[in-house]
Amino acid sequence: MTHGSDSQGGAEGALGATVRRDQWGIAHVEAQTAEAAFAAQGWVAADDRIWQMEWDRRRAMGRWSEVVGMAGAREDAFFRRLGLAAISQTDYEALETRTRAMCEAYARGVNRWLADHAEALPPEFEHHPAPPEPWEPWHCVAVYKLRHIFMGTLTRKLWRGRIMAQAGPDAVMATVGDIEADAAMVPGDAPRPDLLADAASVLDASAADMAALAAAMDSDGASNSWALSGGRTASGKPLLAGDPHRGIEFPNVYHQCHLRCDEFDAIGMGFPGVPGFPHFGHNAEVAWGITHGMCDDTDVFVERFEEGSALGEPWRTEKLEIRGEGTVEVLCGATPRGPVVLGDPADGLALSMQWTGMFGADTTLDAIWPMLVSRSTSELIEAVRPWVLPVNNLLAADHSGAIAFKIRGRVIERSPASRWTPVPGTDEFAWDGLAPVPFEELPRWSDPARGYLVTANNRTADGGPFISLDFAGPSRHDRICELLAPMSDATVADMSAIHADVTSLVAPKVLGLILEYAVECGHELSHTLLDMLADWDQAMTADSAPATIYAVVKRRLIEAIVERLGIAGAQLGAAGWPPAAEASRMAAGAATRMLCERNLDAVPGLDNPIARRMAASACVDETAAELTQRLGGDPQEWTWGRVHRMASPHPLASALAAARDLHPPVDGCAGDGDTVRQGGTAPETGERAIHGSVARYAFDLGDWDNSGWVVPHGVSGVRGSGHDLDQRQAWLDCELIPMAYSPQAVASVTAHEYEI
């Protein structure tokens, strides 16, 4: 397949749009009607990402194992038991007529591309048993849901349930730490919700259930975004910038595109398979961007069944067609709490779940069209009233100079007991009769006197409804505020400098503990390493050797904590659930908070100064030995970029050995999980970067053509297309490529033009 080919196919079924591809392969679509623009977006998305769309669609339908065999069976079983395909179809039928027409047009564009390229599919399909089936409009809903179900609290509650079983209530509370000590994004005088209400008694009462559960048995995201008012910028108009963080994969999760028609002129990043720009973009008047709101959107219930009891309707058996293995039957059914998704009722114990994305109609896609035609921050905020999934921190800026923040999405407050771990499968915890928090009661903040807004997954507000126990720590939020506070004539270049910032506000806290307690080291290099750490500027640059030493000592301290708590692994209802790397990342986040707060009293074997001296000294000695073996005997050469490598696995290549050539290359990069420039790691995978910025953007409301963006690889998901990796170096260098918007700017960067 040739990416961005100018083959028009037959005249019959023409979509009525012009596509101009710029030098990075990004499509700028021009059409008369919105219907034609959405159809063209579907065509362009298929041209760039048809395999990724097929992958997401198959997973949502529980049919990925038809391609990769047993490697996809566990995930397929989960989505079949959840009933995601049926839920998506039902939600699609409940959408507004205008929204369904948008999805129908998008599907028509995808199918037009499939018809024109049946003999020129991307190389991934050489490993598929069949070509892609026609795209149906409801698939847009299914793909969107799939991309967000694991961003909630499902895996965190399962993980904390294991901690409960292994280490007890005090350890569970220690993993959360003192959330209320963190600065909230939106200050206020309203009464704070008690995030820790009745925690000890609730967890004590749940201990027996968790022990029984343990015997029986996409990941949340992180992001940065910020907005500056015109009083702090060189143009006198606002700047809106940010970078979403997710697991880094190839193809990249976001797809750059530009749609111009009589109804709107919008540019942004969307999900392949979903029309519009739900997360990041701008039209002629207003710009928007989001971070994950970290909302507690899922409850998990421990369901008890009489051993050997028969399960009648509506329980059913579905068959998974496992490539190369035959058929596997999956028992599917529900309790009054929700569908059973993990475990086997025949064993007497299983887990059901409830999720805001399936509790009532999901009307998220009804917000997309109103967003595209909004003319101000107020109109944009009103446009997202139908938003359900996920709960986001929405930032907006408009040409009048306004900047605004709003929590959007379905927030459902439940009993405090539900915040922590799986809860008993009883009527007490069912969601029957619950209603979402009214849109007007979700936090909002407009035009603050300080002249800027910042969101980084941190605690949202001092008052208002309960959102979550699982906010990110304050380090990224506080660092961005430090950088913005002195700015008075900011430019897009200044926004790029913030994107690139690698100073850690966590490092000084962890270093203080290391330098205080690591006093009994025995390795010949250990005191050299401690001297290097004492002189370090706490910047996680690629050429820094102290950054490497810090990261490995910290990793070993984290391992010491989780091993002593008995939570080094996770086996919850299915082999490797949550996935080992995800469980390890959650454990690392909890242990880091304990280190920062010096809250180690709940950790057996680290609850006194002597034990901490022994453990810290041992971690430094082990770091010296490990890095000598890995990188040689000269600590000055142990630079961060040598060990902090960004792998971007291709899902098909990870599942099938025959597709290994689809993996993109591996590169060293700066930053870590606590810095603005995200490069998150997990102890399970060492210093490899597994979590990072999957896009960066800066919107300049003084001159849209001065805006910029970048993704880790390129706009195309077709390996060898020429636009699959052409943004990679700019991403590694934290540079933005131009975001052409005006007709004149688009014409100046056009490399190919064709009609579809």
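Residues numbered from 1 in each chain as written. Predicted model: local features only at pLDDT ≥ 70, side-chain atom pairs only at ≥ 80, totals over all residues. Heavy atoms only, no water.

(A) How the structure looks around the packing of helix α7 (residues 154-167) against helix α17 (residues 580-597). Put simply, α7 and α17 touch, their axes get as near as 11 Å, and they point 75 degrees apart. In terms of orientation, α7 lies roughly perpendicular with respect to α17. From α7, Thr155, Arg156 and Trp159 reach across to α17, where they touch Glu582, Ala583, Met586, Ala587 and Ala590. A per-class count over the contact of α7 with α17 returns 5 nonpolar, 1 polar and 2 charged. (Axes fitted to C-alpha atoms, helices over the stretch in contact; angles between N-to-C directions. Helix = DSSP H or I, 4+ residues; strand = E, 2+ residues; numbered from the N terminus. Parallel < 35°, antiparallel > 145°, perpendicular 65-115°, else oblique. Contact = heavy atoms within 4.5 Å. Nonpolar A, V, L, I, M, F, W, Y, C, P; charged D, E, K, R; others polar.)

(B) Expanded view of the environment of His650. Locating His650 in the fold gives a position in the loop between β20 (645-646) and α20 (651-655). Along the backbone, His650 and Glu249 are 401 residues apart, and their C-alpha atoms lie at a distance of 6.1 Å. Excluding residues within four positions of it along the chain, His650 makes contact with Trp51, Glu124, Phe250, Pro251, Leu662 and His663. At 3.1 Å, the side chain of His650 and the backbone nitrogen of Leu652 are in polar contact. (Polar contact = N/O pair within 3.5 Å; in protein donor to acceptor, adjacent residues only side chain to side chain.)

(C) Geometry of the sheet that holds strand β5 (residues 255-260). Read across the sheet, 10 strands follow the order β18-β16-β15-β8-β7-β6-β5-β2-β1-β27 without closing on themselves; strand pairing throughout is mixed. Bordering the open sheet on either side are β18 (444-446) and β27 (750-755), each of which pairs with just one other strand. Averaged over all neighbouring strand pairs, the angle between strand axes comes to 15 degrees, with direction disregarded. Where strand β15 (residues 392-398) meets strand β16 (residues 403-408), 6 bridges bridge the pair, whose relative direction is antiparallel. (Pairing = 2+ DSSP bridges.)

(D) Structural view of the pattern of salt bridges. Tallied over the full model, the rule gives 47 salt bridges. In this structure, Arg556 and Glu622 form a salt bridge, with 3.1 Å as the shortest nitrogen-oxygen distance. In this pair, Arg556 sits in helix α16 (residues 545-565) while Glu622 sits in helix α18 (residues 609-631), placing the two residues 66 residues apart along the sequence. Given a relative accessible area of 34%, Glu622 falls into the partly exposed group. Residues joined by salt bridges that share partners form a network here, namely Glu54, Arg57, Arg58, Arg63, Glu66 and Glu133. (Salt bridge = Lys/Arg side-chain N within 4 Å of Asp/Glu carboxyl O. Buried < 20%, exposed > 50% of the residue type's maximum accessible area, 1.4 Å probe, protein only.)

(E) Structural context of the packing of aromatic side chains. Applying the stated rule across the entire model yields 20 aromatic pairs. Where Trp43 meets Tyr754, the ring centres are 5.8 Å apart and the plane angle is 55 degrees; that geometry is what we call tilted. Classification of Trp43 as buried rests on a relative accessible area of 0%. For Tyr754, a relative accessible area of 3% corresponds to the buried category. Ring centres of Trp51 and Trp64 lie 6.2 Å apart, and the angle between their planes is 65 degrees; on these two criteria the pair is classed as edge-to-face. Of this pair, Trp51 sits in helix α1 (residues 34-60) while Trp64 sits in the loop between α1 and α2 (65-68); the two residues are 13 residues apart in sequence, bridging distant segments of the chain. (Phe/Tyr/Trp six-rings, centres within 6.5 Å; stacked < 30°, edge-to-face > 60°.)

(F) Focus on the sheet that holds strand β14 (residues 349-355). Taken in spatial order, the 5 strands line up as β12-β13-β14-β9-β17 in an open sheet, and their pairing is mixed. One side of each edge strand has no neighbouring strand; the edge strands of this open sheet are β12 (334-335) and β17 (423-424). The pairing of strand β9 (residues 298-304) with β17 spans 2 bridges and is classified as parallel. Counterpart to Val302 in the pairing with β17 is Pro424.

(G) Structural detail: helix α12 (residues 475-484). Counting buried positions over the 10 residues of α12 gives 7, a clear majority of the element. Taken together, the buried positions of α12 are Ser475, Arg476, His477, Arg479, Ile480, Cys481 and Leu484. Check the buried side of α12 and you find it contacts β3 (222-228), β4 (239-247), β19 (452-455) and α13 (492-499).

(H) Representation of α13. Turning to α13, its buried residues number three or more, namely Val492, Met495, Ser496, Ile498 and His499. Viewed along the axis of α13, the buried residues span an arc of 155 degrees, placing them on a single side of the element. (Arc of directions from axis to C-beta.)

(I) Region of interest: unusual backbone geometry. Between Phe250 and the following residue, Pro251, the backbone shows a cis peptide bond with an omega angle of 0 degrees. As for its position among the elements, Pro251 is in the loop between β4 and β5. Note that the residue after Leu389, namely Pro390, is joined by a cis bond; omega there is -15 degrees. Checked against the element boundaries, Pro390 lands in the loop between α11 (377-383) and β15.

(J) How the structure looks around the side chain of Arg728. You can see Arg728 is positioned in helix α21 (residues 728-732). A distance of 2.6 Å separates the side chain of Arg728 from the side chain of Asp667, its partner in a polar contact. Within polar-contact distance, the side chain of Arg728 engages the side chain of His713 at 3.3 Å. Ignoring any residue separated from it by four or fewer positions in sequence, one finds Arg728 in contact with Met646, Ser648, Pro664, Pro665, Val666, Asp667, Pro712 and His713.

(K) Summary view of the state of the cysteines. One pass over the full model with this rule turns up 0 disulfides. Between Cys481, a free cysteine, and Cys596, which holds the nearest cysteine sulfur, the sulfur-to-sulfur gap is 18 Å. Sulfur of Cys619: no disulfide; nearest cysteine sulfur belongs to Cys521 and is 9.6 Å away. (Disulfide = S-S within 2.5 Å.)

(L) Up close: the environment of Trp138. Relative to the assigned elements, Trp138 resides in the loop between α5 (97-116) and α6 (139-146). Linking Trp138 and Arg100, residues 38 residues apart in sequence, is a C-alpha distance of 8.4 Å. Discounting chain neighbours no more than four positions away, the residues touching Trp138 are Met61, Ala85, Ser88, Gln89 and Tyr92.

(M) Representation of the side chain of Asp501 within the structure. Mapped onto the elements of the fold, Asp501 is located in the loop between α13 and α14 (507-517). A polar contact is formed between the side chain of Asp501 and the backbone nitrogen of Thr503, at a distance of 3.3 Å. Residue contacts for Asp501: discarding those within four places in its chain leaves Arg479, Leu483, Thr675, Val676 and Arg677.

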